[in-house]
Amino acid sequence: MQLTTVYPVFLTVMVGAVVPGPALAQATDFPLAARPRAFMAIAQRDLAFGEVLAGIPETVRPDDSRQAGLFEIHGVPEGTVRLEFLLPDALVSPLGARLPLEFGPGDGYADFSYGRPPRGLRFDPRVPLVAVLGPNGRLIVRLGGTVAPSRTQADGEYHATIALTVFDLGS
Amino acid sequence: MSLSPRLMTAAMALALCTALASPAAAQTTANASILATATVSGGFAALTATGTQNLEFGTIDAGTCVAGCVPVNNGRFEITGEPTAPVTVSFTSLPSVLDGQGPAAGSTIGIAFGVTDGSRLTTGTTTIAETFDPAAAKITALDAGGDLWIGIAGTVTTELTSTNGDYQGTIQLTVSYL
């Protein structure tokens, strides 16, 4: 009974000490530049077409700072990654009505500006892209698109999910 | 608080495993998803179609329907949408037989639809305003209230040897804006 009381307390302390990056680097004496970083993709902003009119196509450009979809990828500085989008062909209303959604060859934008004036590369989000993370280990990816409501498009809210999978190809 | 040497060794080994399995060492893919959203306004009201009355032939005598029996209740669909909007109505599934249920499972009886068995009803009534061939698409319009009622009739035929029991089939209607 005494052991089962002590063991979980000790285990909690040890796990908490090794999971965060800085603590791990300190324990293993990694040089700062080689400090392991978590590899992750973060959804930052939805692709929002806002209010659209029946019969009139609406396009959101990938460099639109308010409406373009936005992902942020974190990993090893200068690391190579492969991006693959899963793109729906329509938004769907709660009643099941479909609003066609299209992506063109310039609707993806890999932003290498690192906070400085825009500098990046347009790409076709319909095909995989291999890119290199910045010196800060980050890459911003923006996504535009076009919805094409029919003349008889039913009123209402429409949604769809856009998924991004990022593969770590190493440094 | 003291730990036995064996417990200390086990705990340290587990901590080392946790460190080796940290995300930076093992994770090679990452996933994230966003929503694409839009709000449509100024468009047509959504179309809805509901089957509100089955096409019923009631209880029939196998010997009296060899030449065909008409329904006791016509089928009815109620459609709602944009007032006065033109639509196409199609019976996308009209069975040629009804399938036996329960004791009659595996048996069928025939059903046929004539060129006047499709109908547009005066909304809110069973009064037939016009007839049409249900085998072909029908172009019509919703009324000023955004309603359209469509009826369907038909004829069943039996054999003298038809098995007693219930028979049923599915009639499917599709409506779309022009």
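Residues numbered from 1 in each chain as written. Chains lettered and ligands numbered in written order. Predicted model: local features only at pLDDT ≥ 70, side-chain atom pairs only at ≥ 80, totals over all residues.

Draft legend 1. The arrangement of the overall build of chain B in detail. Counting its regular elements, chain B contains two helices and 13 strands. When burial is assessed residue by residue, chain B has 22% of its 178 residues classed as buried. If you take every contact in chain B between residues at least 6 apart in sequence, the share linking residues at least 24 apart comes to 75%. (Helix = DSSP H or I, 4+ residues; strand = E, 2+ residues; numbered from the N terminus. Buried ≥ 20, exposed ≤ 12 C-beta atoms within 10 Å, placed from the backbone. Contact = placed C-beta atoms within 7 Å.)

Draft legend 2. Geometry of the overall build of chain A. Regarding its fold elements, chain A presents two helices and 13 strands. Counting every position in chain A, which comprises 171 residues, the buried fraction comes to 28%. Pairs at least 24 apart in sequence give 72% of the contacts found in chain A among residues at least 6 apart.

Draft legend 3. Up close: the nonpolar core. Counting residues in hydrophobic clusters, the biggest one holds 37 residues, and the most contacted among them are I73, L91 and I162 of chain A together with A38 of chain B. Residue assignment for this core shows that the elements contributing at least two residues are β2 (47–53), β4 (69–74), β5 (80–86), β7 (98–102), β11 (138–143) and β13 (156–170) of chain A together with β1 (29–41) of chain B. Discounting residues that sit within four places of it in the chain, L91 of chain A has contacts with L99, L101, V147, Y158, H159 and A160 of chain A together with A36 and A38 of chain B. L47, L55, I79 and F91 of chain B belong to the second largest nonpolar core, which has 14 residues in total. (Core = buried A, V, L, I, M, F, W, Y, C linked by C-beta atoms within 7 Å.)

Draft legend 4. The arrangement of the sheet that holds strand β11 (residues 155–157) of chain B in detail. All names here are of chain B. Read from one edge to the other, the open sheet built from four strands follows the order β11-β6-β5-β12, with strand pairing classed as antiparallel. Both edges of this open sheet fall to β11 and β12 (167–168), since each of them pairs with a single strand only. Here three bridges tie strand β6 (residues 108–112) to β11, and the two strands are oriented antiparallel to one another. Bridge pairing links A112 to T155 in β11. (Pairing = 2+ DSSP bridges.)

Draft legend 5. Quick look at the environment of A144 of chain B. All names here are of chain B. Looking at the element boundaries, A144 is found in the loop between β9 (138–141) and β10 (147–152). Residue A144 is classed as exposed on the basis of its C-beta count, with 9 C-beta atoms lying within 10 Å. Note: C-alpha distance between A144 and T84 (60 residues apart in sequence) is 5.3 Å. Once residues within four sequence positions are removed from consideration, A144 is found in contact with P83 and T84.

Draft legend 6. The arrangement of the pairing of β13 of chain A in detail. Both β5 of chain A and β13 of chain A contribute to a ladder of seven bridges, which runs antiparallel. The residue of β13 of chain A that forms the bridge with E84 of chain A is T165 of chain A. Relative to β1 of chain B, β13 of chain A runs antiparallel, the two sharing twelve bridges. Looking across to β1 of chain B, one finds that E157 of chain A is bridged to T39 of chain B.

Draft legend 7. How the structure looks around the sheet that holds strand β8 (residues 108–111) of chain A. All names here are of chain A. In spatial order, the strands read β1-β4-β11-β8-β9; together these five strands make up an open sheet with antiparallel pairing. Since the sheet does not close on itself, it has two edges, and those belong to β1 (40–45) and β9 (120–123), each with one partner. Adjacent strand axes in the sheet meet at a mean angle of 20° when their direction is disregarded. Both β1 and β4 contribute to a ladder of five bridges, which runs antiparallel. Paired with I42 across the strands is E72, a residue of β4. (Axes fitted to C-alpha atoms, helices over the stretch in contact; angles between N-to-C directions.)

Draft legend 8. Highlighting the pairing of β11 of chain A. As judged from the six bridges shared by β4 of chain A and β11 of chain A, these two strands associate in the antiparallel manner. Bridged to I73 of chain A within β11 of chain A is L139 of chain A.

Draft legend 9. View of the environment of L86 of chain A. Residue and element names in this part refer to chain A. Of note, L86 is situated in strand β5. Look at L86 and you get exposed, because 11 C-beta atoms sit within 10 Å. Sequence separation between L86 and P125 is 39 residues; the distance between their C-alpha atoms is 8.9 Å.

Draft legend 10. Spatial organisation of unusual backbone geometry. Phi at E78 of chain A is positive, roughly 65°, even though this residue is not glycine. Relative to the helices and strands, E78 of chain A is located in the loop between β4 and β5. By C-beta crowding, E78 of chain A is classed as exposed, having 12 other C-beta atoms within 10 Å. The phi torsion at T84 of chain B lies on the positive side, around 65°, for a residue other than glycine. With respect to the helices, strands and loops of the structure, T84 of chain B is situated in the loop between β3 (75–80) and β4 (86–93).

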